[in-house]
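Okay, here's what each chain looks like letter by letter:
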Amino acid sequence: MSAVLQVKDLRKTFRLGAESVHALDGVSLDVPAGEFLVIMGASGSGKSTLLHLIGGLDLPTSGEILIEGQDIAAMSDRKRTMLRRSRLGVVFQNFNLLPTLTAIENVALPSLIGGGNNGSAQTVAKELLESVDMNHRMQHRPQALSGGEQQRVAIARALLNDPALLLADEPTGNLDSHHAESIWTLLRKLVDEQQRTVIAVTHEPIGARFADRIVVLKDGKIVGTINDSRNLDATLVATRYTELAR
Ligand SMILES: Nc1ncnc2c1ncn2[C@@H]1O[C@H](COP(=O)(O)OP(=O)(O)O)[C@@H](O)[C@H]1O
Ligand SMILES: [Mg+2]
């Protein structure tokens, strides 16, 4: 009933000169509140395109993207920017932290840009950093943090506006396996303990097995779904994924 996200027959075609690339070729998807969804697929299958469209960072060629019932693809640029800032949080592979700011300043910055009060922004930023287990590193700059710690800061920053949806594109793509596992554990915790709704893109079965559901993309289409991912180990996820993506 309470779908945070409804994607309907989404298509995105990139034109490069005379060539057309159908990056998304009719994707439909519902994500209920409180779900941890992982999108898997080979390089070039359309994962980032899908996440960018859901995040309002790009516009589809056709189709609908309803965030809490509002079509982010059909609204004005101004409304889309407002919706993106207030209801969506996005995390990238490269963390995208500002190098000259401390962890707490990085987390508080979006609120300050949005005209928020400095004291309350710092208070919320501190609570968020505690919730991602970064209480001991709040005054550190990114270069003094490990990749895993930097991604925790980026996740805290993405949660600042209490988003309806947290989107993560290959959040562990730059991390070693130990730090990667700790980030997947954190995303799972955010869903279980804070009732967040998370959509993460990965091609790593190790991470995908933390999801409630895995959707497999191939050539811009959903070719299969794994509904029992939490009962599977990484080897079984890899086997099932390979069968679906073949
Ligand atoms: N801005 C763009 N211009 C042209 N082609 C693009 C653009 N972005 C993505 N593509 C193409 O769309 C397809 C899907 O890309 P992408 O969504 O980045 O895949 P993934 O994230 O799964 O690796 C690829 O063939 C890619 O080359
Ligand atoms: Mg990608």
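Look up a bit, the structure's there.
Residue indices begin from 1 for each chain and proceed along its sequence in written order. Each chain is given a letter, starting from A, and each ligand a number, starting from 1, according to the order in which they appear as written. Reporting of local features is limited, given that this is a predicted model, to residues whose pLDDT is at least 70; pairs of side-chain atoms are given and counted only at 80 or more, and all residues count toward the totals for whole chains, interfaces and linings.

J.: Describe the site of ligand 1, listing the residues and the values that go with them.
T.: As a structural note, the neighbourhood of ligand 1 is formed by F14, L16, V21, A23, G41, S43, G44, S45, G46, K47, S48 and T49. Counting only elements with at least two residues in the shell around ligand 1, the list comes to β1 (3-16), β2 (19-32) and α1 (47-54). Only DSSP runs of H or I reaching four residues or more are called helices, and only runs of E reaching two or more are called strands; each is numbered from the N terminus. For the shell around ligand 1, the element with the most residues is α1, which contributes three residues. When the residues that make up the shell around ligand 1 are grouped by side-chain class, the tally is four nonpolar, seven polar and one charged. Any residue whose C-beta atom, as set from the backbone, lies within 6 Å of a molecule or strand is reported as near that molecule or strand. Residues are grouped as follows: Ala, Val, Leu, Ile, Met, Phe, Trp, Tyr, Cys and Pro are nonpolar; Asp, Glu, Lys and Arg are charged; every other residue, Gly included, is polar.

J.: I'd love a proper account of the sheet that holds β1, names of residues and values included.
T.: Strand pairing in a sheet relies on backbone hydrogen bonds. The paired strands run either parallel or antiparallel. In spatial order, the strands read β2-β1-β4-β5; together these four strands make up an open sheet with antiparallel pairing. A strand with exactly one partner marks an edge of an open sheet, and here the two such strands are β2 and β5 (70-71). Sheet analysis places strand β4 (residues 62-67) next to β5, joined by two bridges and oriented antiparallel. The partner of I67 across the bridge, within β5, is Q70. Any two strands between which DSSP finds at least two bridges are classified as paired.

J.: How would you explain the pairing of strand β7 (residues 165-169) if you had to name every residue and give the values?
T.: In terms of burial, β7 is largely enclosed, as five of its five residues are buried. Two strands pair when backbone bridges link them, and strand β6 (residues 88-91) and β7 are joined in this way by four bridges, in the parallel orientation. Bridge pairing in β7 links V91 to A168. By convention a crossover is right-handed if, when the strands point away from the viewer, the path from the first strand over the helix to the second runs clockwise. With respect to chirality, the unit in which β7 leads through helix α6 (residues 177-194) into the neighbouring parallel strand β8 (residues 198-201) is right-handed. With C-beta atoms placed from the backbone, a residue is buried if 20 or more other C-beta atoms are within 10 Å of its own, exposed if 12 or fewer are, and partly exposed between those counts.

J.: With reference to specific residues and values, describe the packing of helix α3 (residues 103-113) against helix α4 (residues 118-131).
T.: Two elements in contact, α3 and α4, have axes whose closest approach is 8 Å; the angle formed by their N-to-C orientations is 130°. For the element pair α3 / α4, the angle class is oblique. Here α3 runs over α4; the crossing is right-handed. Where α3 abuts α4, its residues A103, I104, V107, A108, S111 and L112 lie against N118, A121, Q122, V124, A125, K126, L128 and L129. A per-class count over the contact of α3 with α4 returns 10 nonpolar, three polar and one charged. Think of each axis as a best-fit line through the C-alpha atoms, taken over the contacting stretch in the case of a helix, with angles from 0 to 180 degrees between the N-to-C directions. For classification purposes, an angle smaller than 35 degrees is called roughly parallel, one larger than 145 roughly antiparallel, one from 65 to 115 roughly perpendicular, and anything else oblique. Rotating anticlockwise by less than a right angle from the far helix to the near helix defines a left-handed crossing, while the corresponding clockwise rotation defines a right-handed one. Residue pairs qualify as contacts under a 7 Å threshold applied to their C-beta atoms, which are placed from the backbone.

J.: Quick rundown of the sheet that holds strand β10 (residues 221-226)? Include the residues and the values.
T.: Spatially, the six strands line up as an open sheet ordered β6-β7-β8-β3-β9-β10, and their pairing is mixed. In this open sheet, the two strands that pair with only one neighbour each are β6 and β10. Geometrically, the sheet is characterised by an average inter-axis angle of 20° between neighbouring strands, direction not taken into account. Here β7 pairs with β8 via four bridges, running parallel. For L167, the partnering residue across the bridge sits in β8 and is I199. Lying on the sheet, α1 is in contact with β3 (36-41), β7, β8 and β9 (213-218); it crosses β8 at an angle near 150°.

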